[in-house]
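Residue-level structural notes
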Amino acid sequence: MGLISEVLLLPFAPVRGSGWAIQQVLREAERIYYDPATIRTELARLEQQLEAGEITEEEFDQQEDVLLDRLETAMHTGATGDGTTPQ
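As a starting point, this report considers the structure included with it. (Residues numbered from 1 in each chain as written. Predicted model: local features only at pLDDT ≥ 70, side-chain atom pairs only at ≥ 80, totals over all residues. Heavy atoms only, no water.)

Section: a negative patch on the surface
A surface patch of like charges, here negative, comprises E57, E58, E59, D61, D65, D69 and E72. Within the secondary structure, D69 is located in helix α4 (residues 57-77). (Patch = residues over 30% accessible without salt bridge, like charges linked within 9 Å, V, L, I, M, F, W, Y side chains within 5 Å. Areas by Shrake-Rupley, 256 points an atom, 1.4 Å probe, with all protein chains shown as cover. Salt bridge = Lys/Arg side-chain N within 4 Å of Asp/Glu carboxyl O. Lys, Arg positive; Asp, Glu negative; His and termini not counted. Charge placed at Lys NZ, Arg CZ, Asp CG, Glu CD. Helix = DSSP H or I, 4+ residues; strand = E, 2+ residues; numbered from the N terminus.)

Below, the structure is given as C-alpha cells:
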C-alpha cells in the first residue's frame, strides 16, 4: 500500500515541497518577530524617533504598547533570541 500511495501522490510532490518551504519561512519570520533582542532594538529606535520629534507621544505610546506585548509574548513562550526555546 505504501508504494502505491507514493506513486499516486507523486504528482503532488512539488506542492508538498513548497508547503515545507513556506512553513520554514514562516517559522523563521516568527522567530525574528518574537526575538527579544529585535524587540528591544525596535523599542530603542522608537525612543530615538520620539526624542527627535519624528513621532508624537501618542504614536510612541501606541507603538510601545505593541512592542511590549510582543516582548511579553516572547518571554512567556520562552524565546531566547537565538532560535531556540529552553527545554
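Section: the nonpolar core
Counting residues in hydrophobic clusters, the biggest one holds eight residues: I39, L43, L46, I55, F60, L67, L71 and A74. If you list the elements that add at least two residues to this core, you get α3 (36-51) and α4. Element by element, the count of residues in this core is highest for α4, at four residues. (Core = buried A, V, L, I, M, F, W, Y, C linked by side-chain atoms within 4.5 Å. Buried < 20%, exposed > 50% of the residue type's maximum accessible area, 1.4 Å probe, protein only.)

Brief notes about the pattern of salt bridges
Under the definition given, this model contains two salt bridges. Its salt-bridge partner being R31, residue E28 comes within 2.7 Å of it at the nearest N-O pair. Taken together, the residues E28 and R31, both in helix α2 (residues 13-33) and three residues apart, mark about one turn of the helix. For R31, a relative accessible area of 29% gives the class partly exposed. With a shortest N-O distance of 3.2 Å, R70 and E42 are connected by a salt bridge.

Things to note about a nonpolar patch on the surface
A surface patch of nonpolar side chains, about 520 Å² in accessible area, is lined by I4, L8, L9, F12 and V15. Element by element, the count of residues in the nonpolar patch is highest for helix α1 (residues 2-9), at three residues. Considering the arrangement of structural elements, one finds V15 in helix α2.

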